[in-house]
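# Observations on the model geometry
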Amino acid sequence: MWIQNDVFREDMEHIANAAFLPWKDLAGKTVLVTGGTGLLGFNLISALSYMGLKRGIGIRILALVRDEKKAATRFQELLREGASLSFVHGDLMNIPPIGEPIDYIVHGASPTASRYFAECPVETIRENLTGAMSLLELAREKKCQSFLFLSSMEVYGALHRREKVDESHESFVNTMNPRNSYPEVKRLVEALCCAYASEYGVPAKVIRLTQTFGAGVHQDDNRAFAQFMRSALRGEDIVLKTQGGTEHSYLYTADAVTAILSVLLCGKTGEAYNAANEAAYCSIREMAECVAHLPIVQEKYGSPVGVVIREDEKSAAVYPPELYMKLDTKKIQMLDWQPCWALQDMFTRMIRTQE
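Let us look at the structure shown here. A quick note: this is a predicted structure, and the numbers were derived from the prediction, not measured.

What follows covers the pattern of salt bridges. Scanning all chains against the criterion turns up 21 salt bridges. Put simply, E81 and K54 hold a salt bridge, and the shortest N to O gap is 3.3 Å. One end of the pair, E81, is in the loop between α4 (76-80) and β3 (85-89); the other, K54, is in helix α2 (residues 39-54), and 27 residues separate them in sequence. On the accessibility criterion, E81 (32% relative accessible area) is partly exposed. With a shortest N-O distance of 2.8 Å, R223 and D221 are connected by a salt bridge. For D221, a relative accessible area of 10% puts it in the buried group. Overlapping salt bridges, with partners in common, bring together E10, D11 and R349 in one network.

And the structure:
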């Protein structure tokens, strides 16, 4: 998918026209992106390439990828148009030497499936920690202008009160739950970023993202929002494996890219920033109901699809406990960043890029 798709082209134009982003700082620079074939990595690399191809800002992009053939397929339209994109073959456990200068690093590579965190907690910790150490050392060696770690709202743990959560909020992570290997290692990598900034002067920053979706979602993505979308488009009931009581905000892909670039280019070294659309705060059950009642679904089937709950015995181990994660985004808004797309828009635009 590339700018032949109307929605994706609109997203790229929106990012390119974000007046609060100092695009000139990226002119003639090299950006290393990990997790490039994932949702956020794909959108970020596409936006940087768009600026190079359509706006004449010379940005060289390196993407760390495990499978070059898969990456070439994912970015085939970009490459055909001559994007300055090259692949570095490796993974978080094996990052090869990179001889050329690197000015910016955006580290977004990580396992993303809850089932993987629960079933492979050792690998979850080892991959995330080893990769972050290697990349921070690389940033130190290359004297990078900025290093950004894509963290998660999950670092705050399971909060049971409906309260605003700013970046100084304490964490509540049960380290004896194997599934918590993910938020715990995210917390540790955040601490490493702070440590490298303090001890070695590495300009490391952290962005704590809420769940993000939109243009560029893989057809086989297995996360809840993608499952909801596929069920509704088939006219099937949306099935919840929990009561759906967890509440948090969501964020559209293009808004996430502008947030990432805002912190990368304008954020303060050694600090963390929440990123979410506070207006999209709702429960998982409410999100499912939103999808079930999308106009595109009702036009296709004449009525909304159903939302049903079918909990099973594995749910408690695989899915995080019910929590309320109302991220406070005042800090990132001080960088002049604002989200633009509401929850229904996120789903509608995602569907239009799947067609």
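Additional details are given in the paragraphs that follow.
Once that is clear, we can look at the side chain of R230. Following the sequence through the fold, R230 ends up in helix α8 (residues 224-233). For R230, which is buried and forms no salt bridge, the nearest opposite charge comes from D221, at a distance of 5.9 Å. A polar atom in the side chain of R230 sits 3.0 Å from the backbone oxygen of Q219. Once you skip the residues sitting within four places of it in the chain, R230 turns out to touch H218, Q219, D220, D221 and N222.

With that settled, consider the environment of L32. By secondary structure assignment, the location of L32 is in strand β1 (residues 29-34). Judged by its relative accessible area of 2%, L32 falls in the buried class. With 74 residues separating them along the chain, L32 and V106 place their C-alpha atoms 6.3 Å apart.

Let us look at the packing of aromatic side chains. Think of a pair of aromatic rings as described by two things: how far the centres are apart, and how the planes are tilted against each other in angle. Taken as a whole, this structure holds 11 aromatic pairs when the rule is applied. On the basis of an interplanar angle of 45 degrees and a centroid distance of 4.6 Å, the ring pair of F213 and F347 is categorised as tilted. Taken as a pair, F213 in strand β8 (residues 211-213) and F347 in helix α14 (residues 343-352) lie far apart in primary sequence, 134 residues in all. Across this residue pair, the class does not change: F213 and F347 are buried. Three or more aromatic residues link up through ring pairs in this structure, and these residues are W2, F8, F42, Y50, F75 and F87. Over the aromatic face of Y200 sits the side chain of R140, whose NZ or CZ is 3.6 Å from the ring centroid. Of note, K326 hangs over the ring of Y281, and the distance from its end group to the ring centre comes to 5.3 Å.

The pairing of strands in a sheet happens through backbone hydrogen bonds and is either parallel or antiparallel. Read from one edge to the other, the open sheet built from 7 strands follows the order β3-β2-β1-β4-β5-β7-β11, with strand pairing classed as parallel. At either margin of the open sheet sits one strand with a lone partner, and together these are β3 and β11 (272-275). Taken over all neighbouring pairs, the strand axes of this sheet differ in orientation by 20 degrees on average, direction set aside. By the bridge criterion, 6 bridges tie strand β5 (residues 146-152) to strand β7 (residues 204-209) in an arrangement that is parallel. Within β7, the position partnered with S151 by the bridge is R208. Strands β1, β2 (59-65), β3, β4 (104-107), β5 and β7 of the sheet are contacted by α2, whose axis makes an angle of about 160 degrees with β2. Against the sheet, helix α9 (residues 253-266) engages β4, β5, β7 and β11, with an angle of about 155 degrees to β7.

Judged by nonpolar contacts, the single largest core of 83 residues is most densely connected at I207 and L343. Look past the residues within four positions of I207 in its chain and what remains in contact with it is L148, F149, L150, S151, S152, A259, I260, V263, Y273, A275 and I332. Among the nonpolar cores identified, the runner-up in size contains 23 residues, and I98, I105, F147 and L192 belong to it.

Turning our eyes to something else, we now look at the pairing of β7. Burial analysis of β7 places 6 of its 6 residues in the buried class, the great majority of the element. Side-chain alternation along β7 places A204, V206 and R208 on one buried face and K205, I207 and L209 on a second face that is also buried. Pairing of β7 with β11, which is carried by 4 bridges, proceeds in the parallel orientation. Bridged to V206 within β11 is A272.

Next up on the list: helix α6 (residues 121-142). Relative to the 32 Å expected for 22 residues at 1.5 Å per residue, α6 spans 32 Å between its end C-alpha atoms, a close match to the ideal helical length. Within the span of α6, buried status applies to T124, N128, G131, A132, L135, L136, L138, A139 and K142. Taken end-on, α6 shows its buried residues confined to a sector of 155 degrees, consistent with a single buried face. Turned more than 90 degrees off the buried face of α6, the exposed positions are V122 and E141. Where α6 is buried, its residues contact β1, β4, α5 (114-119), β5, α7 (181-200) and β7.

Rules and cut-offs
Residues numbered from 1 in each chain as written. Predicted model: local features only at pLDDT ≥ 70, side-chain atom pairs only at ≥ 80, totals over all residues. Heavy atoms only, no water. Salt bridge = Lys/Arg side-chain N within 4 Å of Asp/Glu carboxyl O. Helix = DSSP H or I, 4+ residues; strand = E, 2+ residues; numbered from the N terminus. Buried < 20%, exposed > 50% of the residue type's maximum accessible area, 1.4 Å probe, protein only. Lys, Arg positive; Asp, Glu negative; His and termini not counted. Polar contact = N/O pair within 3.5 Å; in protein donor to acceptor, adjacent residues only side chain to side chain. Contact = heavy atoms within 4.5 Å. Phe/Tyr/Trp six-rings, centres within 6.5 Å; stacked < 30°, edge-to-face > 60°. Lys NZ or Arg CZ within 6 Å of the ring centre and 35° of its normal. Pairing = 2+ DSSP bridges. Axes fitted to C-alpha atoms, helices over the stretch in contact; angles between N-to-C directions. Core = buried A, V, L, I, M, F, W, Y, C linked by side-chain atoms within 4.5 Å. Expected span 1.5 Å × (residues − 1). Arc of directions from axis to C-beta.

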